[in-house]
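An overview of the molecular structure
Below, each chain spelled out in residue letters.
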Amino acid sequence: MSAEATASGAPSLSSHKPRPTLSAILAARVGKKRPRYENVQELQEATVQLLNHHQNLRDLLVEISPKPSKVMCSEEEGKNRAPENHVHARMGNPILASLWCSFPVRALQRQAKQLGVPVGLLSVRTVVERLWELSAPVEGYTDHVLLNTAKKDQMDGLLQSAKELLSLGAISRQLLCQEIWKAEKPPILEMVWRLHKENIVTLEEILESSPSSSVAVEWLCADLRVLCGQPGEIEVSQQIRSDVLSVLVRKAFQESQDLLTSRSKRTPQVCFAVLDEMLSLILHTVSNSGEENCSQMEAAKLWINVFDVGLYGGTLFVISLQKFFLHTLTQILTFKPQLKVSDAVGMQWKWSFAKTCPLLTSLYRKLFVLFSVEELMAHLQQVLETHEVNWQHILSCVSTLLVCHAQAQHSLKDLLTRLLSNAFEAYDLESMITAFLLARQASLEGPAVFMSYTEWYKLSFGNASSYHGNSKKSLVFLLKFLSDLVPFEPPQYLKVHVLHPPYVLTKYRPFLLEYVSLAKTRLADLKVSIEEMGLYEDLSGTGAPAQPQCQAQQDVEKAVSLFEKTGRIPANVMEASIFRRPYFMSRFLPALLTPRLLPSKPDPRMSFIESLRNADKIPGSVYTAYVQGCQKEERQLEGGHVEVEVILSTEPLEELKARLKEMTSLLSGGVKEGDVSAHLALLSETLKSLLGETNELPTETAMKLDVDAPSSETLLTKLTNIILKSFCQNLMDASRKNPPQSQGNWASLFVKMLYGHRQLLQSLLTRLWNLLCHQGSSLSAGHVLGLSAFVVHLHESQAVAPLVDLGSLSPRLCPFAEAVSGSLLCNTEETMTFCLRFCIAAVSYGLCRCASSSVEDIQAYVPKGLFRKLLYLVPRLAAEMRTGTLGEGEESVWAVLRDPCSSWKSSALALWKHPNFQKLQQLPDLQLTFQDWLVAELDVQRSTDTLSDAERQEYQQWVCYQQYLPAPLAAGGCAGDLERACVAIMNAIVDHSIRSIGPDGHSEGLEPSKFSGTCYTDILTRLQEMVYDMELMRSKRLALGVMRDEDHFLFRVISERLATIPDRESLSGQLAQQQELFILTRIITSLPPAVLVRARHKGRMATLNCEPFFEFVNGQQGNSCARGCVLPCELTAHFFRGVLSASLDCAHPRAAVSEVLSDCLLHCPLAITSAAFWWPRLQAVLWAQWGRLCEEPLPEELQSIADCYSWASSALCEAAAPPPSDSPLVLAACLHWALERQPAGRDVRAVLGEMEEHGEQVLLFLLFFSLVDLISVKIQPKAVDPLRAMQRCADILKCFKDSGQWLALFHGQSTDQGPYQSIYKMISDTHIRLMPLAFYSLVPSLDHTLLTCVVKAPDFLRTALEMYSGLARLFLDGTASTPTQAKHTPEQVDPLQILPRAQQFVLQAISLSPQSCFLYGRQLEDVCRDLDPEVTAALSHRLQPNCDDSLYEVPDFL
């Protein structure tokens, strides 16, 4: 155009003339002649020729393309639409489309013809040159693999042109791949990815065409590294990585490679090499994780993301991904195996899950996704057997697997079993060391994940059935292995091996001693002394050893706990005081004897210290310093100078809060269980560093909860509150979205994690116990729900949880959930309401948490105690629940519980209808039995009960008569048996009374007012109702003549209860027996009198049967009488009233009463003597009752007692008429009690003189009663005047100065007593044992004249020797060795002086006795043999024969 302008005279640029206008130019061209074209084809050819003139082909491929926004079309469009149609659609005109399709090809053909090269080659080179130009680095970036926005547009045009050229056959894919590798530098990764995505040339084809494998690997790895580190579009970068990895995995792990060409076989090798090289990027970063290199760390994190299985949905076969993941796992486990086994032994404590680099644990978890735990364990074993491994990676992999998979524990145990079995079968050291390393690594993760190393070691080698127990060779193999480990082992493992040695037969013990010596030497080299080891130290090796001071404190707590349970000093403590004295003196005693404010009542710690001091285990100076320190503490308290140490730390608490906040965020995102487990492991590590934990106490030991200790503001307390608050908040947040069964296992894992922190767990459980048992009414609904879920998970995991010890609050060790359920009170309206809320929340959560319908699975989530409390409270507080016709409901228990507008009744109703709840109600272990109900109901305080008196009576009668009486035995009922129900009520009342008295109570303090506040009287009323029903039915059967002769349940219960008292011969057993008898007596006297005496058929006649009552009085009640010969007034009156009432069932009531009382005089004289004692109170009652029952005269025996009482009363006032001659025993009893009541009456000697005229039996019985009083003085000094009792005995003995009949009273229950056989039935066993004490308190104090006459009695010496023998035994047994607190008058004898005084008296009696007393010498020698050598010698001297007295010797035929 410029040439034409010049020819027409257009001005030049240098002439500075104005440029011509467009109209002028057009006007000038009007006259010119234009060429004419014959047709359209000629026009097209001319147009193409014009376009080809000086045209750049590389620019042409980009510039002629449509706009970028129209270039990128989907692959499906490109596949489904024909290339021609595609072009037509773009150009919008068939002519333009035809022009566009032909023009690039013709241009390439013409230029190829000019250059003399093939068209395909020119096309490929043109595309490659353009690719190379676009790959030029952007300013500011040296290495890049991503395109900027401008180059993306140009790349889109190039791709479209190349695709259309490819469709026209102008480009060869193979040639394009070759030219790419011939270029100066291959295209950047995004260009290759776009070529691959547009299917112009795939990545597989590019890799296959590479000149060498190394070149391809170097290029792809370099670009992938740059891609992971270059900033840019995240989605594009992630897509490139996933697509590239898909290609690599597909080619590297394709199913079959048999049909590949030799060149194609190189591609899988390249893919393998690239994958391994990129994995090494991660592993190098992990190994250098301590160094500051943020870029490498970020690149490794991005590459780890390609292992997410979700990125390859549908693009890869699962089997290919599994092969790839197993290959990757193998490469990790065998990466740079530089560490030796010895290094692993000493360093593995640093490789726990929490201490492993998060990159590596994240990679492990991603690789675990496609496999089961069993498959992973099998692969791990295969790698260990076939490769040289990186022990750090192996052990960290095991930790990750255990933490993130709950099932891994069982699989690991199986693997350890296989390894140990193989080790001892083939004597394989590799299997042995592998087993030890894996077991130790697992134990590092805490008790919630795996058992401690100590426990595993004892289970594996601690018994005769262990792997090494079958042969000497196996034992030597084990000890040789342990010996080889000694130079490399940390001290905590050596401690385990020393303190818990493997089982060894006695003959092989020298082998073990050799190893123990070697281990102790190594410990000494490490400056770890066995003497400094704790008595109960956990030897699991979870970290550095505990400080001696901390361990000693733990030992003290454990020792005190054991002492409290057994009452004896623990064997470990005794052994330490002898064999480990340095530790005992320098560590244990200072920790035990830390000065403190001593409680008013000795606690277990004080008792333990006192026992050690009595055993001479505490030096006097040390104990004195301890006492002085405690006194100083008390003075400081009185002066108000007590300093409370407050341990506060802000930064660690903030760190913990941050961890808990991360967990909250984690849970809100709905993460997987493995992620929660991993985070909890990190949280556990934070707690360890926060608390400064090292070794924990063994989990199998009980945990003492000091629930009575005052709370202090310590770090531990703050941690406890923070953790409980976080748990409750997380549970509430999770519950807003999902029910418990859809929340995952985070709560269970959280609770199990806490088991690894014993100190924190102890504080947490103590706090939880105090919240539930003392502050329950102040808790909000959210707190109740959260804490109930916490208790449920404690119950669920109780198999690995330590038992708790509540001290005096609970007599035995038990799981925490059981301890809480037993401690929750239900005795007032306030406590019942909270307990009901808590139990409903716990049981509802447990039922919803368990998705299974199996009863066994449901029980694991429902604490038994809380379930039973629910069964007790709901029917009691909601009358509508008593109908039993609620059926099953479909309403969601959890939805009702979470509804803030719902009441506890609606929640309870929904829970009651739950199918699984009704299933649990059928289980015997979870049913609330009648006995359980009675225990709970007896504790209810009537004044603060929710129910009124009328409502409570209605409820109790419904429970007794409608719920439990007809219920079968399997359901905790009585099977319709009233007697069984009465027995249950009676046992419950007795147990309740004993609990109310307490362990230090006495029967005298058990007054009716003590139970006026409880439901004791209500339940006693229910018992009375049932007994009346039974007696009414019995009377009807007796009237019909169908009455069976059967014992009353009352005495059967008494016998069974007393038989269960342990060690009844001891003082504690006797006190317990007296306590129970007092309670039982109160129950007996509250029941109808007819229960003591029953009528029975004897032939056709009805007679009264008192044998059960007689046996009860003679066998049990008599032993509980502190003052001999007297029963309680209420029991005595009840018996006589029962006799009178039951006599109406006989044909002749008056004769029946007399017959019973006559029989009573022979078989149960204690009842008669008691009637004589209480007659002033009994007479009016019995006379009135007999008048109501019968119009006949009084029964003879009753009248006889009245006559004897009248005579005794008048005899003390004046000379009385001759006494009634019916019964000497009744006369003596009435006279004795009359003397007690009227000590200032008539002279006793005058009365005795009159009695002497009427026979000696009355005097002998009177002497017996006086002797009983003399013994009672020793038991209860204030019960009787000792001087008056002594004088009365002496006065009575004067009546027997010429007779030895009174000696029969001291011969015991022998056959030679004659009419006095029954007297020993009236006194207790204690009185009988103390008869020798009464004998030697009385006889030596007699005046000389009377004593001279007494000694001459024929049987006196034998009786004196027998009593002396009995007295010696009393002192040997300790019965008579304790002096009373009362002061002794000169006339009285100190008990400690009685035995020497008795000895002197016996020696004098031997010397003064006539020779006729020694006729049966051998019998006399046998009496005191082995008791007193001096008395035996004196007796032997008198028994020596001589000429003077040989005539008196009688042959001893015995």
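Model, not experiment: these values are computed from the prediction.

Focus on the overall build of the chain
Each helix and strand counted, the chain has 68 helices and four strands in total. Relative to its full complement of 1454 residues, the chain shows a buried share of 49%. In the chain, once contacts between residues fewer than 6 apart in sequence are set aside, the share between residues at least 24 apart is 77%. On the chain, roughly 68700 Å² of surface is accessible, and the fraction owed to carbon and sulfur atoms is 53%.

Considerations on the pattern of salt bridges
Proximity of charged atoms lets side chains of opposite charge pair with each other. For the coordinates displayed, the defined rule picks out 29 salt bridges. Two residues, Asp733 and Arg736, come together in a salt bridge whose shortest N-O distance is 2.5 Å. Of this pair, Asp733 and Arg736 are both found in helix H35 (residues 715–737), three residues apart, which corresponds to roughly one turn of the helix. In this structure, the salt-bridge partner of Glu1236 is Arg1284, at a minimum N-O distance of 3.9 Å. With Glu1236 in helix H58 (residues 1224–1237) and Arg1284 in helix H61 (residues 1282–1294), the pair connects residues that are 48 residues apart, well separated along the chain. Glu1236 sits in the buried class, given a relative accessible area of 17%. Taking the relative accessible area as the measure of exposure, Arg1284 reaches 28% and is therefore partly exposed.

Some thoughts on the packing of aromatic side chains
Within this structure, the stated rule accounts for 49 aromatic pairs. Judged by centre distance (6.0 Å) and plane angle (45°), the ring pair of Trp1233 and Phe1265 falls under tilted. You can see Trp1233 sitting in helix H58 and its partner Phe1265 sitting in helix H60 (residues 1256–1275), a full 32 residues away along the chain. Note on accessibility: Trp1233 and Phe1265 belong to one class, buried. Note on Tyr1336 and Phe1401: the rings are 6.1 Å apart at their centroids and 80° apart in plane angle, and the pair reads as edge-to-face. Of this pair, Tyr1336 sits in helix H63 (residues 1331–1338) while Phe1401 sits in helix H66 (residues 1391–1408); the two residues are 65 residues apart in sequence, bridging distant segments of the chain. Among the residues examined, Tyr1336 registers a relative accessible area of 1% and is labelled buried. Of the residues examined, Phe1401 reaches a relative accessible area of 7% and is grouped as buried. Through a chain of ring-to-ring contacts, three or more aromatic side chains come together here, namely Phe424, Tyr427, Phe436, Tyr453, Trp456, Tyr457, Phe461, Tyr467, Phe477, Phe481 and Tyr493. The ring of Tyr493 carries the charged tip of Arg440 above its face, separated from the ring centre by 4.0 Å.

Some words on the nonpolar core
The biggest cluster of nonpolar side chains holds 268 residues, and the ones touching the most others in it are Trp933, Phe1135, Trp1302, Tyr1336 and Phe1356. By residue number, the principal contributor to this core is H60, which donates 13 residues. Within the second largest apolar cluster, 143 residues are counted, among which are Leu376, Val389, Phe461 and Leu475.

Describing the packing of H63 against helix H65 (residues 1356–1373)
Orientation of H63 relative to H65, taken along the N-to-C sense of each, is 120°, at an axis distance of 8 Å. Viewed along their axes, H63 and H65 adopt a mutual orientation that is oblique. Crossing handedness for the pair H63 and H65: left-handed. Together, Met1331, Pro1332, Leu1333, Phe1335 and Tyr1336 of H63 and Phe1356, Thr1359, Ala1360, Leu1361, Met1363, Tyr1364, Gly1366 and Leu1367 of H65 make up the contact between the two elements. Looking at side-chain class alone, the contact of H63 with H65 contains 11 nonpolar, two polar and no charged residues.

What about helix H54 (residues 1149–1163)?
For H54, spanning 15 residues, the distance from its first C-alpha to its last is 21 Å, which sits close to the expected 21 Å at 1.5 Å a residue. When we look at burial in H54, the residues that qualify are Pro1149, Ala1152, Val1153, Ser1154, Val1156, Leu1157, Cys1160 and Leu1161.

What about the side chain of Thr356?
With respect to the secondary-structure elements, Thr356 resides in the loop between helix H18 (341–347) and helix H19 (358–367). Within the structure, the side chain of Thr356 is placed 2.6 Å from the backbone oxygen of Ser352, a separation counted as a polar contact. If we skip the residues at most four places from it in the chain, Thr356 touches Trp351, Thr361 and Ser396.

Comments concerning the confidence of the model for the chain
When pLDDT is averaged across the chain, the result is 78; 78% of the residues are at 70 or more. Every residue in residues 695–699 is under pLDDT 50, and counting partners more than four places away or in other chains gives 24 contacts.

Quick look at the environment of Ser1055
The residue Ser1055 is located in helix H50 (residues 1049–1059) in this model. Of the residues examined, Ser1055 reaches a relative accessible area of 37% and is grouped as partly exposed. In this structure, the C-alpha to C-alpha distance between Ser1055 and Gln1116, residues 61 residues apart in sequence, is 8.4 Å.

A short note on the environment of Ser777
Its place among the elements puts Ser777 in the loop between helix H37 (758–774) and helix H38 (781–796). Once the C-alpha coordinates of Ser777 and Met832 are considered, the two residues, 55 residues apart in sequence, prove to be 9.7 Å apart. Ignoring anything within four residues of it in the chain, the contact list for Ser777 reads Glu830 and Phe834. Of the polar contacts made by the side chain of Ser777, one reaches the side chain of Glu830; its length is 2.7 Å.

Examining the environment of Ala162
Inspection of the secondary structure puts Ala162 in helix H9 (residues 149–167). Using a relative accessible area of 4% as the deciding quantity, one classes Ala162 as buried. Considering only alpha carbons, one finds Ala162 and Val124, 38 residues apart in sequence, at a separation of 8.9 Å. Aside from chain neighbours lying at most four places away, what touches Ala162 is Ile171 and Ile200.

So, helix H51 (residues 1067–1086)
Counted at 1.5 Å a residue, the expected span for H51 with its 20 residues is 28 Å, and the 29 Å between its end C-alpha atoms agrees. Along H51, the residues that are buried comprise Gly1069, Gln1073, Gln1075, Glu1076, Leu1077, Ile1079, Leu1080, Thr1081, Ile1083 and Ile1084. Here the buried face of H51 lies against helix H48 (978–997), helix H49 (1016–1040), H50, helix H52 (1107–1115) and helix H53 (1129–1142).

What to know about the packing of helix H25 (residues 472–485) against helix H27 (residues 509–525)
It is at 10 Å that the axes of H25 and H27 come closest, and there the two elements cross at 5°. In terms of axis orientation, H25 runs roughly parallel to H27. Residues Lys472, Leu479, Leu482 and Ser483 of H25 pack against Phe511, Leu512, Tyr515 and Leu518 of H27. Per-class residue counts for the contact of H25 with H27 are six nonpolar, one polar and one charged.

Details of unusual backbone geometry
Even without glycine at this site, Tyr427 takes up a positive phi of about 50°. Relative to the helices and strands, Tyr427 resides in the loop between helix H22 (408–426) and helix H23 (429–443). When its relative accessible area of 28% is taken as the criterion, Tyr427 is described as partly exposed. Here Asp616, not a glycine, exhibits a phi torsion of approximately 60°, which is positive. When you line up the elements, Asp616 lands in the loop between helix H31 (604–614) and helix H32 (620–639). On the accessibility criterion, Asp616 (68% relative accessible area) is exposed.

Side note on the side chain of Ser1324
Its place among the elements puts Ser1324 in the loop between H61 and helix H62 (1325–1329). A relative accessible area of 3% means that Ser1324 is categorised as buried. There is a polar contact of 2.7 Å between the side chain of Ser1324 and the side chain of His1327. For Ser1324, the residues in contact, after removing those within four places along its chain, are Gly1118, Asn1119 and Cys1121.

Each value, and the rule that gives it
Residues numbered from 1 in each chain as written. Predicted model: local features only at pLDDT ≥ 70, side-chain atom pairs only at ≥ 80, totals over all residues. Heavy atoms only, no water. Helix = DSSP H or I, 4+ residues; strand = E, 2+ residues; numbered from the N terminus. Buried < 20%, exposed > 50% of the residue type's maximum accessible area, 1.4 Å probe, protein only. Contact = heavy atoms within 4.5 Å. Areas by Shrake-Rupley, 256 points an atom, 1.4 Å probe, with all protein chains shown as cover. Salt bridge = Lys/Arg side-chain N within 4 Å of Asp/Glu carboxyl O. Phe/Tyr/Trp six-rings, centres within 6.5 Å; stacked < 30°, edge-to-face > 60°. Lys NZ or Arg CZ within 6 Å of the ring centre and 35° of its normal. Core = buried A, V, L, I, M, F, W, Y, C linked by side-chain atoms within 4.5 Å. Axes fitted to C-alpha atoms, helices over the stretch in contact; angles between N-to-C directions. Parallel < 35°, antiparallel > 145°, perpendicular 65-115°, else oblique. Left-handed = near helix turned anticlockwise from the far one by under 90°. Nonpolar A, V, L, I, M, F, W, Y, C, P; charged D, E, K, R; others polar. Expected span 1.5 Å × (residues − 1). Polar contact = N/O pair within 3.5 Å; in protein donor to acceptor, adjacent residues only side chain to side chain. pLDDT = per-residue confidence, 0-100.

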